[in-house]
Amino acid sequence: MNLGSINRILKSPVLANENRKGGFSISMLGIAQICSWGTLYYSFPQIAEAISQDLGFAKTQVYGALTLGLLLSAFAGLPFGAAIDRGLGKHVMTLGSLMAGVLLMLGSQLNSLLGFYVIFAAVGFLHSATLYDAAFSVIANNFNGHDSRRHITTLTLWGGFASTVFIPLIELLLQTSDWRTTMLVLGGINLFIGITIYGRLPKAKPVKKPSLQGEAQMKGKPELKSQNQGIRWALSHPMFWTLMICFAFFAATTTTFKFHLYPLLIEKGLSAQHVVAILAILGPSQVAGRVLLKLFSERISIIKLGVLTASMLPVVFLAFNYLPAQFIWLVPFAMIFGAATGTMTIVKGIAVPELLTRESYGAINGAMNVPVKVIKALSPTLAALVWVVTGSYAGLLDWLILLGGISALCFLVASFITKRTEANMLAIK
């Protein structure tokens, strides 16, 4: 996909809607999210591979730093989410981008494993202040009902270009200079683009969400209880735990696959050019899946979408494990994987307000993300250990096939709980 194609997509009716709030547009937030995801998340496999080759770090050591960072991000989501619920989204995201930029620049000077862990653990901690969790909370706290869902979908369309833009850019920087210069450039992007855009986020306090009773009456559904729907209430609701398990299994498999896809494809014998091409395909595929969802979102429920999306994972892992290791064979399944992960990002962003409650979104989403991100954090390092034990990625892919199937099964359970809850409320009424 060339720059002309990207420009046409960005100017299409799907993305062109500015969705302004207090002089700030969702499009600007989308550009900032491209930079945040590209520099703080998608950059890790390439940067870590270059650093490990230069400084002699083992694979398990490298991914241990990633695990630590993701663990810190899991627990950081609670205070960051609560702060955004209080109307401090602008401050959280701006300060997060500032600190990320400084850390990446400092990281360009590291020479030890300890320094590597400090830098990337701290960058992981800032994921909760700069990536989708924070951005979704800002949107949920500044827009009501249908607008919130529409804006979250639009934002993920922008964010889907992060890998497309930054994976080739990082590879170019690594080939023409070194990893130290690359980290300086990535840090500068956070300092100049991230701070500038996040600094323009709305200052207003969160707008009051319509009650769930009102929404239920408008949709012709049974009335739902809406008072005191904070974290304590959510923890007592079976849907909270069901969604958490669904997202945990999905996150474990997709995170493992994404962070190990680069060395996995190299191990299979693909050229560096083909590997980068497959990785770059993930971004446009995410966007394609999200565009289709935006166009047809009224025709499918969140639960059904979750079942369909999660079911794609075992198919993808089977293909990468057992099909011939040729670029032409793997591209279609890379596209399916990208579309699935892109779609699930939207499902995760709107599941809490649509299936649980619209109140205290940041805090409840942060609480749900603690165990999800802990599992997500551990998965890349556990995968590296599987690789060490088995000596190849074939055994790891077999495990991913199994776990991907469990994720789809969990969404079926969520569907059953939804139907049972609605039936119980009808009976009470």
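A.B. asks: Help me out: how do you make sense of the overall build of the protein in this one?
C.D. replies: The number of helices and strands found in the protein is 20 helices and zero strands. Of all 429 residues assigned to the protein, the portion counted as buried reaches 57%. Counting only contacts in the protein whose residues sit at least 6 apart along the sequence, the fraction spanning at least 24 positions is 84%. Total accessible area on the protein is roughly 17500 Å²; 67% of this is exposed by carbon and sulfur atoms.

A.B. asks: Sorry if this is basic, but what is going on with the confidence of the model for the protein here?
C.D. replies: Note that predicted coordinates carrying low pLDDT should not be read in detail. Taken as a whole, the protein shows an average pLDDT of 81; of its residues, 83% reach a score of 70 or greater. The least confident element of the protein, judged by mean pLDDT, is helix α2 (residues 13–16) at 40; the most confident is helix α12 (residues 179–198) at 96. The low-confidence segment residues 1–18, where pLDDT is below 50, has 29 contacts with residues more than four positions distant or belonging to other chains. The low-confidence segment residues 206–227, where pLDDT is below 50, has 43 contacts with residues more than four positions distant or belonging to other chains.

A.B. asks: Sorry if this is basic, but what is going on with the packing of helix α5 (residues 59–85) against helix α7 (residues 113–125) here?
C.D. replies: If you want to describe how two helices pack, look at the angle between their axes and the distance between the axes. The contact between α5 and α7 brings their axes to 7 Å, and the two run at 30 degrees. As α5 runs across α7, the sense of the crossing is right-handed. Contacts between α5 and α7 pair T60, Q61, V62, G64, A65, L68, G69, L72, S73, A76 and F80 from the former with L113, F116, Y117, F120, A121, G124 and F125 from the latter. For the contact of α5 with α7, the per-class residue count stands at twelve nonpolar, six polar and no charged.

A.B. asks: What exactly am I supposed to notice about helix α9 (residues 132–140) here?
C.D. replies: For an α-helix the count is 3.6 residues per turn, leaving residues at separations of three or four pointing the same way. Extensive coverage of α9 is indicated by the burial of nine of its nine residues. For α9, every residue scored as buried is listed here: Y132, D133, A134, A135, F136, S137, V138, I139 and A140.

A.B. asks: Can you walk me through the pattern of salt bridges in this structure?
C.D. replies: A side chain with one charge can pair with a side chain of the opposite charge if their charged atoms come near. Applying the stated criterion to the full structure yields two salt bridges. Across the pair K348 and D133 runs a salt bridge whose closest N-O atoms are separated by 3.7 Å. With K348 in helix α18 (residues 327–356) and D133 in helix α9, this residue pair connects regions lying 215 residues apart in the sequence. By relative accessible area, K348 is classed as partly exposed at 21%. Residue D133 is classed as buried on the basis of its relative accessible area of 17%.

Rules behind the numbers
Residues numbered from 1 in each chain as written. Predicted model: local features only at pLDDT ≥ 70, side-chain atom pairs only at ≥ 80, totals over all residues. Heavy atoms only, no water. Helix = DSSP H or I, 4+ residues; strand = E, 2+ residues; numbered from the N terminus. Buried < 20%, exposed > 50% of the residue type's maximum accessible area, 1.4 Å probe, protein only. Contact = heavy atoms within 4.5 Å. Areas by Shrake-Rupley, 256 points an atom, 1.4 Å probe, with all protein chains shown as cover. pLDDT = per-residue confidence, 0-100. Axes fitted to C-alpha atoms, helices over the stretch in contact; angles between N-to-C directions. Left-handed = near helix turned anticlockwise from the far one by under 90°. Nonpolar A, V, L, I, M, F, W, Y, C, P; charged D, E, K, R; others polar. Salt bridge = Lys/Arg side-chain N within 4 Å of Asp/Glu carboxyl O.

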